[in-house]
Amino acid sequence: MALALHMPTAGCEHLNSETVEQIRQFRSSPTNGIDPNFAQYTCLQCSMPGSFPSLDKHFSETQHGFAVGQKSVYCAGCHDLVYDPALLGNGKKRKLTETSDEDDSYLTANTAQRPCGRSGVRGLFNLGETCYMNAVLQMMVHNPLLASYFLGMGHPIHTCPISKEPEKKDDASDEEEQASEDQDQKKELQVCVACGMTDLFSDVTMVDQPLPAHAVNLLFASWKNIPQMSGKGQQDAQEWFMYIIDRLHEAVAQYSTPDQTNSVNEANGIPPIDKQCVCFFHKVFYGRYNSQIICDTCHTVSSREDEFSSISLDFKKQVKRKKKAAKDAAAAAASAATNKADKPPLKIAIPNLHECLRSYTAPEPLSPEQYNCTTCDARRSASKQTRLRKLPAIMCVHVKRFGMKQAGSGVWLPEKYEGKLEFPLQLDMGPYTTKPPSPMATTTNGGETKPDAYMYDLDCVVVHQGEHAQNGHYFAFCRQDNKWFRFDDEIVSATTTEDVLRQEAYLLFYSLRSLEKV
Amino acid sequence: MATRRPHGSLLPNSVLDTDLWKRFYSDEEITADIPPPVKASTTMATSGAADSKSSISLSVADQEQAISYILDQSIESILHDILLDIHQEEKIARMQTAVIELEQRPDKQKSAHDGDNAEDEPVESDAAILEESGQYQLKGNPMKTIKHIRCPNCRLRRLLYPRVGFNARPVPDPTEQYCKTEPMIIIDKHDVHGQRKKGVKVKGQAKGKNRKKNDPASPTSENSDPLTPSSSMLNDSFEFKEIDYPAAKCPNRDSHLGDHWKSVNVFATHLNGSCYLKKDRAAGREANAKIGGTPRDSRASSPKAGTNGVKRKADDETSGGNKKKQKLGEVKRNDKKGGSGPSRLKEVNNANDRSAASPLKEVNGDTISVTPTKAMRDASSEPTLKLKLKTGGDATARKKPTKMGKKA
């Protein structure tokens, strides 16, 4: 929308709509010779590839005009890359946006111009130990999908049935005087989290103010709706995230019985789902995993499926495994290097996200004490495997950094596991699903499986600072137009991608890449 | 492997697409169920892949050549993508500027010519031309024809470098008004607007700020830059504001008559207390006593805390210079005592008391206060109130360990 404003009709004086069409066709033709993995430019007329100087030479000889790359166009007349408005839009389908020009003119005539300012960098005031909330909220505020929902009238606050209740109460009490007290209390309890969230989104996006925003209404709604987390005090960000999206879903819940999935499930021995929420938040935040237990004796498969809002990874186990592997490697290296009198190479074991996910989805053995096979009707050893069946649009990866440790006296004490976990900027969840793409699948039947279907991009990193499990400070790193910022309550500061990747992440939020093609 | 993608094509979040969620919600494919696992999924289909791979054999020289080709191409592509992003952003901004400058032209021409003949002249600048069809067409390369970048929204010139901090440059023309979308400011302990958290003192800038205060002629807004030419110190013309805590309306309106406003930094405390959860001071004290965190009669013993009194007296007697030195090290401890100490001391030295009061605020402002246990947490909300009221000295005595706990 903003891109279309004040743009010249063409990318340069040499480009016209015919050439643009030609370029489009050239790009979509399978024999254009452009390798999608590399940056290459080929002449539009004769498909001659080359560097800019060689293309310039070619153009002066042949009077050809343009060279086409995968994402850009080189113009011989300008000796420069040109960006035509018609070619920039990524070919997005704007079915609903491009309704009519009438609407647009009506909107511009009746709305105030959006003031300029540094956008997307509003801090959030700490309301008194609410950094757990602020960190998660910054993630939500910076997510284009959620922003679209809350600012695009996804939740109509003026007609919200939950928030309206108190107003109704006044009318009702006039009519029926003896409004019972417990009914009053029931009404009082209803404060809508989605309304609080909408409130916050509209507040945060006001760019003309350098002052931070505050989430007072949301905090109150959160306390009312999540009684176990109410009260001033430090809380776990992941726990709050789980509760808040659950409450958001409750605010707009819609249930239906999925037909398609059930028939597939029954064929595979998975108990059918009788009630499934189809609300927006379910679609955004909830995935489903499938866990199979296969009896070692009779090989009976028992399957069950559960919803998840975050994938919890066992960080401690992974660190241990990594350390052991490093020790073995070091020992092996040391024994090999003794003759050469070299120092064994110091390997620092940093687990990475892929290893964690692999161990999350790997089969794990169950001892006979843990499993009772119904077919054999006896306790059997078995293997259990959890894999992802349905992936959410916004995926929360939770690195378990808090646990309990038994002290010498036998008392269990909370403990925090510190240390780095390597995480990628882009994450392909394909291998961790119930149908991992085989290495051949992408080449042989590319029509059926989309290579990018389960590709995720890192959106936000929430970090817990402090050595203790019981206290500390949360701050978040969020991406605003491909630049990373650190959101530490009120203070928002610019940072680099390298710095983000260096963090000891506690929560990682990835969002589905195919969203941009919707 | 993931396909190559420049960051520029990621979903931007500065442009709001209000229908994205509807499209997402109606898209049934996007988060569709993945087919359930095949019952005998243990066998791996590796044989086929191995066959096809083994059929190709490369000599060492060929492999070397292939590797160096791929490496070259990859590095080239990575550099290309980075540069393309920047070039595209810059050029599009300039293309828009060309149009904006031309769009503003007709008004100027009409006012100048004051007649019909203005319409006959083609509306054009060095960079663009308005065609008869009403469309704007570029002339030449905007990278060469356009000197400044204008904001497509407010049509004011954009600042290309921040006013202060990392990568700062003097404002090109201090008399001109610039678009408010300025580059992000990067200074330690400051946010992107050049503001800092309330109570955070920064060595270099504290000085600059004081100078600012002494100079009454200087404007407070950062936009109306002072007309005085910027000297060697860039910081002189920039005011580092402190973020002040605004008040917010309490959403728990049932418990109050009319609106109730509270400073945002104590909001959780406010809701926690008499307003909503009723976990007020008395309740906190009772709970504390129950679990044996702080004895109920702890207040009785606090005035006797001899060490406090002695230290305070010593402070009062020392000269100003000496005190400042001490401040660096023991600011919080001493000043807190000053603030919440017995009123007798306040009378002794008024000025000293005032100086002691401001770091006190700093303590209050530090809302990310971290307490070791839940029991202490309840206790910590209590002293915050007490410090403000400057009552009993035990507040400091109890507050101290919690603060220490944070640092530990």
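Residues numbered from 1 in each chain as written. Chains lettered and ligands numbered in written order. Predicted model: local features only at pLDDT ≥ 70, side-chain atom pairs only at ≥ 80, totals over all residues. Heavy atoms only, no water.

- Looking at an unreviewed UniProt entry, one finds chain A named ubiquitinyl hydrolase 1, with Capronia epimyces CBS 606.96 as its source organism.
- For the record of chain A, the UniProt heading Subcellular location (unreviewed entry) holds the text "Nucleus".
- Turning to chain A, the UniProt record has this under Catalytic activity (unreviewed entry): "Thiol-dependent hydrolysis of ester, thioester, amide, peptide and isopeptide bonds formed by the C-terminal Gly of ubiquitin (a 76-residue protein attached to proteins as an intracellular targeting signal)." (UniProt positions renumbered as here; feature names shortened; annotations may be inferred.)

### Thoughts on the overall build of chain B
Okay, so step 1: The number of helices and strands found in chain B is 15 helices and six strands.
Okay, so step 2: Taking all 408 residues of chain B together, the buried fraction comes to 37%.
Okay, so step 3: As presented, chain B carries roughly 23,900 Å² of accessible surface, and 56% of it is formed by carbon and sulfur atoms. (Helix = DSSP H or I, 4+ residues; strand = E, 2+ residues; numbered from the N terminus. Buried < 20%, exposed > 50% of the residue type's maximum accessible area, 1.4 Å probe, protein only. Areas by Shrake-Rupley, 256 points an atom, 1.4 Å probe, with all protein chains shown as cover.)

### Remarks on the overall build of chain A
Okay, so step 1: When its secondary structure is counted, chain A shows 17 helices and 22 strands.
Okay, so step 2: Buried positions account for 47% of the 518 residues belonging to chain A.
Okay, so step 3: Within chain A, contacts between residues at least 6 apart in sequence are counted, and of these 66% link residues at least 24 apart.
Okay, so step 4: Here chain A has roughly 24,900 Å² of accessible surface; of this, 51% comes from carbon and sulfur atoms. (Contact = heavy atoms within 4.5 Å.)

### Description of the pairing of strand β7 (residues 287–295) of chain A
All names here are of chain A.
Okay, so step 1: A large share of β7 lies buried, amounting to seven of its nine residues.
Okay, so step 2: With antiparallel pairing between neighbouring strands as the criterion, β7 and strand β8 (residues 301–308) make up a hairpin whose turn holds five residues, including His299 at a positive phi of roughly 60°.
Okay, so step 3: Judged from the eight bridges that link them, β7 and strand β13 (residues 382–390) form a sheet pairing that is antiparallel. When the sheet's bridge partners are listed, Arg288 is paired in β13 with Lys390. (Pairing = 2+ DSSP bridges.)

### Details of the interface of chain A and chain B
Okay, so step 1: The partner chain B presents 113 residues to the 126 residues of chain A that form the contact.
Okay, so step 2: Across the chain A/chain B interface, buried area totals approximately 10,800 Å², and carbon plus sulfur atoms make up 58% of it.
Okay, so step 3: Applying the counting rule to chain A against chain B returns three salt bridges.
Okay, so step 4: Measuring nitrogen to oxygen at the nearest pair gives 3.5 Å for the salt bridge that ties Glu182(B) to Arg118(A).
Okay, so step 5: The residue makeup of the side of chain A that touches chain B, split by class, is 59 nonpolar, 40 polar and 27 charged. (Buried area = accessible area lost by both parts, 1.4 Å probe. Salt bridge = Lys/Arg side-chain N within 4 Å of Asp/Glu carboxyl O. Nonpolar A, V, L, I, M, F, W, Y, C, P; charged D, E, K, R; others polar.)

### Comments concerning the sheet that holds strand β2 (residues 66–68) of chain A
All names here are of chain A.
Okay, so step 1: Ordered by their spatial adjacency, four strands build an open sheet running β1-β2-β3-β4, and the pairing between neighbours is antiparallel. The open sheet has two edge strands, β1 (42–43) and β4 (80–82), and neither has a second partner.
Okay, so step 2: Of the pairings in the sheet, the one linking β1 to β2 comprises two bridges and is antiparallel in character. Along β2, the bridge assignment pairs Cys43 with Ala67.

### A few points about the sheet that holds β8(A)
All names here are of chain A.
Okay, so step 1: Across the sheet, which stays open at both edges, the four strands sit in the order β8-β7-β13-β10 with antiparallel pairing between neighbours. Strands with a single pairing partner mark the edges of an open sheet, and in this sheet they are β8 and β10 (364–366). Taking each pair of neighbouring strands and ignoring which way they run, the sheet shows an average axis angle of 30°.
Okay, so step 2: Where β10 lies against β13, three bridges are found, and the strand directions are antiparallel. Note that in β13 the partner of Glu364 across the bridge is Lys384.
Okay, so step 3: Packed on one face of the sheet, helix α15 (residues 353–361) meets β7 and β13 and runs near 120° to β13. (Axes fitted to C-alpha atoms, helices over the stretch in contact; angles between N-to-C directions.)

### Regarding the pattern of salt bridges
Okay, so step 1: Tallied over the full model, the rule gives 21 salt bridges over all chains.
Okay, so step 2: A salt bridge links Asp457(A) to Arg513(A), with the shortest nitrogen-to-oxygen separation between them at 2.9 Å. You can see Asp457(A) sitting in strand β18 (residues 455–465) and its partner Arg513(A) sitting in the segment after β22 (505–512), a full 56 residues away along the chain. The pair Asp457(A) / Arg513(A) is uniform in exposure class, with both members buried.
Okay, so step 3: In this structure, the salt-bridge partner of Lys198(B) is Asp244(B), at a minimum N-O distance of 3.1 Å. A residue pair is termed long-range when its members are at least 10 positions apart, and Lys198(B) in the loop between β3 (196–197) and α6 (203–214) and Asp244(B) in the loop between β4 (242–243) and β5 (247–249) qualify at 46 residues.

### Things to note about unusual backbone geometry
Okay, so step 1: Backbone geometry at His79(A) places phi at a positive 55°, although glycine is not the residue there.
Okay, so step 2: Along the chain, the position of His79(A) falls in the loop between β3 (73–75) and β4.
Okay, so step 3: Despite not being glycine, Lys189(B) has its phi angle at roughly 70°, a positive value.
Okay, so step 4: On the secondary structure map, Lys189(B) appears in the loop between α5 (142–145) and β3.

### Structural notes on helix α10 (residues 216–225) of chain A
Okay, so step 1: A large share of α10(A) lies buried, amounting to eight of its ten residues.
Okay, so step 2: Every buried residue of α10(A) is accounted for by Val216(A), Leu218(A), Leu219(A), Phe220(A), Ala221(A), Ser222(A), Trp223(A) and Lys224(A).

### Structural notes on the packing of helix α5 (residues 131–141) of chain A against helix α11 (residues 237–252) of chain A
Residue and element names in this part refer to chain A.
Okay, so step 1: Their axes nearest at 9 Å, the elements α5 and α11 cross at an angle of 55°. With respect to α11, the axis of α5 lies oblique. Here the hand of the crossing between α5 and α11 comes out right-handed. Counted together, Tyr132, Met133, Val136, Leu137, Met139 and Met140 of α5 and Ala237, Trp240, Phe241, Ile244 and Ile245 of α11 form the full contact between these two elements.
Okay, so step 2: By residue class, the composition of the contact of α5 with α11 is eleven nonpolar, no polar and no charged. (Parallel < 35°, antiparallel > 145°, perpendicular 65-115°, else oblique. Left-handed = near helix turned anticlockwise from the far one by under 90°.)

### Examining the environment of Ser291(A)
Residue and element names in this part refer to chain A.
Okay, so step 1: With respect to the helices, strands and loops of the structure, Ser291 is situated in strand β7.
Okay, so step 2: Taking the C-alpha atoms as reference points, Ser291 and Phe201, separated by 90 residues in sequence, lie 37 Å from one another.
Okay, so step 3: For Ser291, the residues in contact, after removing those within four places along its chain, are Ser302, Ser303, Arg304, Lys384, Gln385 and Thr386.

### Focus: the environment of Ser263(B)
Residue and element names in this part refer to chain B.
Okay, so step 1: Examined against the element boundaries, Ser263 turns out to sit in strand β6 (residues 261–263).
Okay, so step 2: Residue Ser263 is classed as partly exposed on the basis of its relative accessible area of 25%.
Okay, so step 3: Separated by 15 residues in sequence, Ser263 and Ala248 have C-alpha atoms that sit 6.1 Å apart.
Okay, so step 4: When sequence neighbours within four positions are dropped, the list of residues in contact with Ser263 reads Tyr245, Pro246 and Ala247.
Okay, so step 5: In terms of polar contacts, Ser263 uses its side chain to reach the side chain of Asn265, at 2.5 Å. (Polar contact = N/O pair within 3.5 Å; in protein donor to acceptor, adjacent residues only side chain to side chain.)

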